[in-house]
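Understanding the architecture of this molecule
Chain residues, written in single-letter form:
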Amino acid sequence: MGLGSLDVFLRTVRDDLALDLALPDGADTALTDLPGWDSLNLLRLVALLEESGHRVPVHRLLEARSLREVHTLVKEYG
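This is a predicted model, so every value here is computed, not measured.

Cut-offs and rules
Residues numbered from 1 in each chain as written. Predicted model: local features only at pLDDT ≥ 70, side-chain atom pairs only at ≥ 80, totals over all residues. Heavy atoms only, no water. Helix = DSSP H or I, 4+ residues; strand = E, 2+ residues; numbered from the N terminus. Expected span 1.5 Å × (residues − 1). Buried < 20%, exposed > 50% of the residue type's maximum accessible area, 1.4 Å probe, protein only. Arc of directions from axis to C-beta. Contact = heavy atoms within 4.5 Å. Axes fitted to C-alpha atoms, helices over the stretch in contact; angles between N-to-C directions. Parallel < 35°, antiparallel > 145°, perpendicular 65-115°, else oblique. Left-handed = near helix turned anticlockwise from the far one by under 90°.

The subject of this paragraph is helix α1 (residues 6-17). Helix length check: α1, at 12 residues, gives a terminal C-alpha distance of 16 Å against a target of 16 Å (1.5 Å per residue), a fit within 8%. For α1, the complete set of buried residues consists of Leu 6, Phe 9, Leu 10, Thr 12, Val 13 and Leu 17. For α1, the angular spread of the buried residues around the axis is 165°, confining them to a single face. Along its buried surface, α1 packs onto α2 (39-51) and α4 (67-77). After α1 finishes, the residue Ala 18 shows a positive phi value of roughly 55°.

Another aspect to go through is unusual backbone geometry. The amide bond that connects Leu 23 to the next residue, Pro 24, takes the cis arrangement and shows omega of -5°. Relative to the elements of secondary structure, Pro 24 occurs in the loop between α1 and α2. In this structure, Ala 18 is a non-glycine residue whose phi angle is positive, near 55°. Judged by its relative accessible area of 65%, Ala 18 is exposed.

Where α1 meets α2, the closest approach of the two axes is 11 Å, and the angle between their N-to-C directions is 125°. By the criterion of interaxial angle, the relationship of α1 to α2 is oblique. Crossing hand, α1 versus α2: right-handed. For the pair formed by α1 and α2, the contact residues are Phe 9, Thr 12, Val 13, Asp 16 and Leu 17 on the first element and Asn 41, Arg 44, Leu 45, Leu 48 and Leu 49 on the second.

The structure is reproduced here in structure tokens:
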């Protein structure tokens, strides 16, 4: 699954994690401010990325403050 575009990435995350995420404005919302965001969603995000062929180091994901930053990591690590 290609998550290269921010729009596709946000839609995939919103749909797969069942987040109430405004598109595209939600890209810059702090993860801690996303309705329903918790540590379980972080684990689900890691699984989603790995299932789609994107192996982003977890320690880098923990540093990300928004979905835009996560998407930047996805592009960086391929």
